[in-house]
Amino acid sequence: MKALGRHILVEFYGCDTDILNNNELLDKEMQEAAKKSGATIINSTFHTFSPYGVSGVVVIAESHLTIHTWPEYGYAAVDLFTCGDTVDPWIAFEHLKKILKASHTSTIEMKRGQLNDIQGELRHKPINAAI
């Protein structure tokens, strides 16, 4: 079955609590994860909560990478959603696992936009297509 994208839902456990609460570092490393995976970064925005925790998104031409942290539990929830054949979300996963110093992880990969009635090549950005 053909699919438009891959979506990896990640649970990072046993992470470094200081890193999970560092807005600037998380923004930098999420962007680095996107670059390493082959994605084209459009924009990013990150927010620090009081008393702690960070949520952020890196918007990429191929979809998005998001993170939500709970430093008090050493936990981060991450979504790595990429479309097309040129980006590998598992490279982003490996980078973030190392940066967050996760002791263990849980992942689920979903195919997004499963289209089994398409003949030939599945184009992610059709040329001259009317919307």
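See the structure above.
Basis of the calculations
- Residues numbered from 1 in each chain as written.
- Predicted model: local features only at pLDDT ≥ 70, side-chain atom pairs only at ≥ 80, totals over all residues.
- Heavy atoms only, no water.
- Helix = DSSP H or I, 4+ residues; strand = E, 2+ residues; numbered from the N terminus.
- Buried < 20%, exposed > 50% of the residue type's maximum accessible area, 1.4 Å probe, protein only.
- Contact = heavy atoms within 4.5 Å.
- Areas by Shrake-Rupley, 256 points an atom, 1.4 Å probe, with all protein chains shown as cover.
- Salt bridge = Lys/Arg side-chain N within 4 Å of Asp/Glu carboxyl O.
- Pairing = 2+ DSSP bridges.
- Axes fitted to C-alpha atoms, helices over the stretch in contact; angles between N-to-C directions.

Turning to the overall build of the protein chain, a few remarks are in order. Of regular secondary structure, the protein chain possesses three helices and six strands. Its helices and strands in sequence order give the protein chain the pattern β-α-α-β-β-β-β-α-β, from N to C terminus. When burial is assessed residue by residue, the protein chain has 39% of its 131 residues classed as buried. A separation of at least 24 residues holds for 63% of the contacts in the protein chain among residues at least 6 apart in sequence. Accessible surface for the protein chain amounts to roughly 7600 Å². Of this, 52% is attributable to carbon and sulfur atoms.

All right, on to the pattern of salt bridges then. Inspection of every chain in the model, using the stated rule, returns four salt bridges. Linking E109 and R6 is a salt bridge whose minimum nitrogen-to-oxygen distance equals 2.8 Å. One end of the pair, E109, is in strand 6 (residues 104-115); the other, R6, is in strand 1 (residues 2-13), with 103 residues separating them in the sequence. A relative accessible area of 24% places R6 in the partly exposed class. A salt bridge links K28 to E29, with the nearest nitrogen and oxygen atoms 3.1 Å apart. The class for K28 is exposed, based on a relative accessible area of 53%. Judged by relative accessible area, E29 falls into the buried class, the value being 9%. Taken together, the salt bridges that share partners define one network made up of R6, E109 and K111.

Attention shifts here to the sheet that holds strand 1. Each strand in a sheet pairs with another by means of backbone hydrogen bonds, the pair being arranged parallel or else antiparallel. Spatially, 2-3-4-5-1-6 is the arrangement adopted by the six strands of the open sheet, whose pairing is antiparallel. Edge strands, defined here as strands with exactly one partner in the open sheet, are strand 2 (41-48) and strand 6. The mean angle between the axes of side-by-side strands here comes to 10 degrees, regardless of whether they run parallel or antiparallel. Contacts from helix 2 (residues 23-37) reach strand 2, strand 3 (54-60) and strand 4 (63-70) within the one sheet, and its direction differs from that of strand 2 by about 155 degrees. Contacts from helix 3 (residues 89-100) reach strand 1, strand 4, strand 5 (75-83) and strand 6 within the one sheet, and its direction differs from that of strand 1 by about 10 degrees.

Note that A77 resides in strand 5. On the accessibility criterion, A77 (17% relative accessible area) is buried. Each C-alpha atom of the pair A77 and Y13 lies 9.0 Å from the other, and the pair is 64 residues apart in sequence. If sequence neighbours within four positions are ignored, A77 has contacts with V10, E11, T66, I67, H68 and W70.

The next point concerns the pairing of strand 2. The sheet contact formed by strand 2 and strand 3 spans seven bridges and is antiparallel. In the strand pairing of strand 3, S44 is matched with V58. Hairpin connection of strand 2 to strand 3: five residues between the antiparallel strands, including G53 at a positive phi of 110 degrees.

Attention now goes to unusual backbone geometry. Following S50, the chain continues into P51 via a peptide bond in cis, with omega recorded as 10 degrees. Residue placement: P51 occurs in the loop between strand 2 and strand 3. Located in the positive-phi region is S63, a residue other than glycine, with phi close to 140 degrees. Residue placement: S63 occurs in strand 4.

In short, the description is geometric, and any link to function would need to be established separately.
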